[in-house]
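# Report on the structure
This is what each chain is made of:
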Amino acid sequence: MPQKAVIPVQNGKFEDWNAKSFWFGNWGTSVVHKGIDIFNKKSTPILSTVDGIVLFNGQRKKGGNVVMILGPKWLIHYYSHLDTIETKLFSFVKSGEKIGTMGDSGNAKGKPFHLHYSIIRVFPNIFDIDTSIQGYKKAFFVDPNTFLKEALNYQKKNTK
(Lines give C-alpha, C1' and ligand atoms only; values in the text may rest on other atoms or scores of the structure.)
Protein backbone atom coordinates (compact mmCIF):
# COMPACT_ATOMS: atom_id res chain seq x y z
CA MET A 1 0.00 0.00 0.00
CA PRO A 2 1.63 3.29 -1.09
CA GLN A 3 1.98 6.07 1.46
CA LYS A 4 1.41 9.80 1.41
CA ALA A 5 4.38 11.43 -0.30
CA VAL A 6 5.50 14.60 -2.08
CA ILE A 7 8.36 15.33 -4.46
CA PRO A 8 11.10 16.55 -2.08
CA VAL A 9 11.80 19.79 -3.99
CA GLN A 10 9.22 22.58 -3.79
CA ASN A 11 7.23 22.74 -7.06
CA GLY A 12 9.26 19.76 -8.31
CA LYS A 13 8.17 17.78 -11.36
CA PHE A 14 9.17 14.34 -12.66
CA GLU A 15 11.08 16.10 -15.45
CA ASP A 16 13.52 17.57 -12.87
CA TRP A 17 15.51 14.32 -12.68
CA ASN A 18 16.65 11.47 -14.89
CA ALA A 19 14.48 8.47 -14.03
CA LYS A 20 17.23 6.12 -15.25
CA SER A 21 19.90 7.52 -12.91
CA PHE A 22 19.03 5.15 -10.03
CA TRP A 23 21.67 2.42 -9.94
CA PHE A 24 23.55 3.98 -12.85
CA GLY A 25 27.10 2.60 -13.07
CA ASN A 26 30.50 4.32 -13.11
CA TRP A 27 29.48 6.80 -10.39
CA GLY A 28 32.82 7.78 -8.86
CA THR A 29 33.79 6.26 -5.53
CA SER A 30 30.19 5.14 -4.94
CA VAL A 31 30.47 2.84 -8.01
CA VAL A 32 26.70 3.09 -8.68
CA HIS A 33 24.25 5.95 -8.07
CA LYS A 34 22.00 4.80 -5.23
CA GLY A 35 19.41 7.55 -5.63
CA ILE A 36 18.23 10.30 -7.94
CA ASP A 37 19.47 13.88 -8.34
CA ILE A 38 16.69 16.46 -8.50
CA PHE A 39 17.86 19.75 -10.03
CA ASN A 40 16.63 23.27 -9.28
CA LYS A 41 17.87 26.72 -8.28
CA LYS A 42 20.02 27.35 -5.21
CA SER A 43 17.99 27.90 -2.02
CA THR A 44 14.84 26.21 -3.41
CA PRO A 45 13.04 24.68 -0.40
CA ILE A 46 13.68 20.97 0.20
CA LEU A 47 10.64 19.17 1.62
CA SER A 48 10.21 16.01 3.64
CA THR A 49 8.82 13.43 1.25
CA VAL A 50 6.91 11.62 4.01
CA ASP A 51 5.82 12.00 7.63
CA GLY A 52 8.64 10.87 9.88
CA ILE A 53 11.27 11.46 12.55
CA VAL A 54 14.59 13.22 11.83
CA LEU A 55 17.32 10.68 12.68
CA PHE A 56 20.29 12.73 11.45
CA ASN A 57 20.99 16.31 10.44
CA GLY A 58 24.56 17.36 9.91
CA GLN A 59 27.66 16.94 7.77
CA ARG A 60 28.85 13.92 5.77
CA LYS A 61 31.99 13.91 3.63
CA LYS A 62 30.32 13.03 0.30
CA GLY A 63 26.83 14.29 1.03
CA GLY A 64 27.75 17.62 2.61
CA ASN A 65 24.73 18.93 4.53
CA VAL A 66 22.50 15.91 5.06
CA VAL A 67 19.11 15.10 6.60
CA MET A 68 17.88 11.55 7.22
CA ILE A 69 14.23 10.89 8.08
CA LEU A 70 12.74 7.60 9.25
CA GLY A 71 9.37 7.32 7.56
CA PRO A 72 6.59 4.73 7.32
CA LYS A 73 7.45 1.10 6.52
CA TRP A 74 10.90 1.51 8.15
CA LEU A 75 12.27 3.44 5.17
CA ILE A 76 14.99 6.06 5.70
CA HIS A 77 14.73 9.05 3.36
CA TYR A 78 18.18 10.54 2.70
CA TYR A 79 18.56 14.15 1.48
CA SER A 80 22.05 15.46 0.66
CA HIS A 81 23.99 18.38 -0.88
CA LEU A 82 21.73 20.84 0.99
CA ASP A 83 22.75 24.49 1.31
CA THR A 84 21.01 24.83 4.68
CA ILE A 85 19.44 22.40 7.15
CA GLU A 86 16.23 23.69 8.69
CA THR A 87 15.06 20.88 10.94
CA LYS A 88 16.06 19.62 14.37
CA LEU A 89 17.32 16.19 15.37
CA PHE A 90 14.55 13.83 16.57
CA SER A 91 11.81 16.25 15.53
CA PHE A 92 8.65 14.96 13.85
CA VAL A 93 8.14 16.28 10.32
CA LYS A 94 5.10 16.12 8.07
CA SER A 95 5.09 15.28 4.39
CA GLY A 96 5.70 18.56 2.52
CA GLU A 97 7.37 20.32 5.48
CA LYS A 98 10.53 22.33 4.69
CA ILE A 99 13.69 20.63 6.01
CA GLY A 100 16.36 22.64 4.18
CA THR A 101 17.35 24.37 0.96
CA MET A 102 18.88 23.28 -2.36
CA GLY A 103 22.65 23.52 -2.56
CA ASP A 104 25.90 21.97 -3.75
CA SER A 105 27.58 20.87 -0.52
CA GLY A 106 29.85 17.84 -0.13
CA ASN A 107 31.19 16.25 -3.30
CA ALA A 108 28.67 18.29 -5.37
CA LYS A 109 30.63 21.53 -4.76
CA GLY A 110 30.87 23.48 -8.00
CA LYS A 111 28.37 21.24 -9.82
CA PRO A 112 24.80 22.22 -10.76
CA PHE A 113 22.60 22.69 -7.67
CA HIS A 114 20.69 19.54 -6.87
CA LEU A 115 19.25 17.35 -4.17
CA HIS A 116 20.54 13.79 -3.98
CA TYR A 117 17.56 11.76 -2.75
CA SER A 118 17.83 8.11 -1.69
CA ILE A 119 15.54 5.72 0.14
CA ILE A 120 17.22 3.13 2.36
CA ARG A 121 15.56 0.05 3.83
CA VAL A 122 16.13 -0.74 7.50
CA PHE A 123 15.14 -4.34 6.69
CA PRO A 124 16.60 -5.61 3.40
CA ASN A 125 14.44 -7.10 0.63
CA ILE A 126 16.49 -10.00 -0.71
CA PHE A 127 14.19 -10.31 -3.72
CA ASP A 128 15.65 -7.07 -5.14
CA ILE A 129 19.17 -8.51 -5.37
CA ASP A 130 20.33 -8.95 -8.96
CA THR A 131 23.47 -9.46 -11.02
CA SER A 132 24.08 -5.76 -11.79
CA ILE A 133 27.12 -3.92 -10.40
CA GLN A 134 26.77 -4.07 -6.59
CA GLY A 135 23.40 -5.76 -7.20
CA TYR A 136 23.51 -7.32 -3.74
CA LYS A 137 23.18 -3.81 -2.26
CA LYS A 138 19.81 -3.34 -4.00
CA ALA A 139 18.32 -5.25 -1.07
CA PHE A 140 18.90 -2.09 0.99
CA PHE A 141 17.63 0.56 -1.45
CA VAL A 142 14.30 1.58 -2.98
CA ASP A 143 14.19 3.26 -6.39
CA PRO A 144 13.05 6.83 -5.49
CA ASN A 145 11.61 7.41 -8.96
CA THR A 146 9.31 4.38 -8.67
CA PHE A 147 8.45 5.21 -5.05
CA LEU A 148 7.41 8.79 -5.90
CA LYS A 149 5.41 7.81 -8.99
CA GLU A 150 3.50 5.07 -7.15
CA ALA A 151 2.78 7.26 -4.12
CA LEU A 152 1.64 10.26 -6.16
CA ASN A 153 -0.46 8.16 -8.58
CA TYR A 154 -2.15 6.43 -5.61
CA GLN A 155 -2.96 9.79 -4.01
CA LYS A 156 -4.31 11.21 -7.27
CA LYS A 157 -6.51 8.15 -7.83
CA ASN A 158 -7.88 8.19 -4.27
CA THR A 159 -8.60 11.91 -3.97
CA LYS A 160 -11.15 12.04 -6.80
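Structure's up top.
Residues numbered from 1 in each chain as written. Predicted model: local features only at pLDDT ≥ 70, side-chain atom pairs only at ≥ 80, totals over all residues. Heavy atoms only, no water.

Looking only at helices and strands, the protein chain features one helix and nine strands. Ordered by position from the N terminus, the helices and strands of the protein chain form the series β-β-β-β-β-β-β-β-β-α. For 160 residues, the compact-globule formula gives about 15 Å, and the C-alpha radius of gyration of the protein chain, at 15 Å, lands near that figure. Based on the C-alpha atoms only, the size of the protein chain along its principal axes is roughly 45 × 40 × 30 Å. A burial count over the protein chain gives 48% of its 160 residues as buried. (Helix = DSSP H or I, 4+ residues; strand = E, 2+ residues; numbered from the N terminus. Rg over C-alpha atoms; globule rule 2.2 N^0.38 Å. Buried < 20%, exposed > 50% of the residue type's maximum accessible area, 1.4 Å probe, protein only.)

The topology assignment puts Asn 107 in the loop between strand S7 (98-102) and strand S8 (114-121). For Asn 107, a relative accessible area of 41% gives the class partly exposed. Between the alpha carbons of Asn 107 and Arg 121 there is a distance of 24 Å; along the sequence they are 14 residues apart. Ignoring sequence-local partners within four residues, the contact set of Asn 107 consists of Lys 61, Lys 62 and His 81. (Contact = heavy atoms within 4.5 Å.)

What follows is about a nonpolar patch on the surface. On the surface, Ile 53, Leu 55, Leu 89, Phe 90 and Phe 92 cluster together into a nonpolar patch covering about 500 Å² of accessible area. Within the element layout of this structure, Phe 90 appears in the loop between strand S5 (75-85) and strand S6 (92-93). (Patch = residues over 30% accessible without salt bridge, like charges linked within 9 Å, V, L, I, M, F, W, Y side chains within 5 Å. Areas by Shrake-Rupley, 256 points an atom, 1.4 Å probe, with all protein chains shown as cover. Salt bridge = Lys/Arg side-chain N within 4 Å of Asp/Glu carboxyl O.)

With that settled, the discussion passes to unusual backbone geometry. Look at Trp 23: it is not a glycine, yet its phi comes out positive at around 65°. Position of Trp 23 among the secondary structure elements: in the segment before strand S1 (36-39). You can call Trp 23 buried: its relative accessible area is 9%. Even without being glycine, Trp 74 reaches a positive phi, approximately 55°.

This part is about the pairing of strand S3 (residues 52-60). Moving residue by residue along a regular strand, the side chains alternate between the two faces of the sheet. Note: S3 against S6, two bridges, orientation antiparallel. Bridging across to S6, Gly 52 finds its partner in Val 93. Here S3 pairs with strand S4 (residues 64-71) via seven bridges, running antiparallel. Bridge pairing in S4 links Asn 57 to Val 67. (Pairing = 2+ DSSP bridges.)

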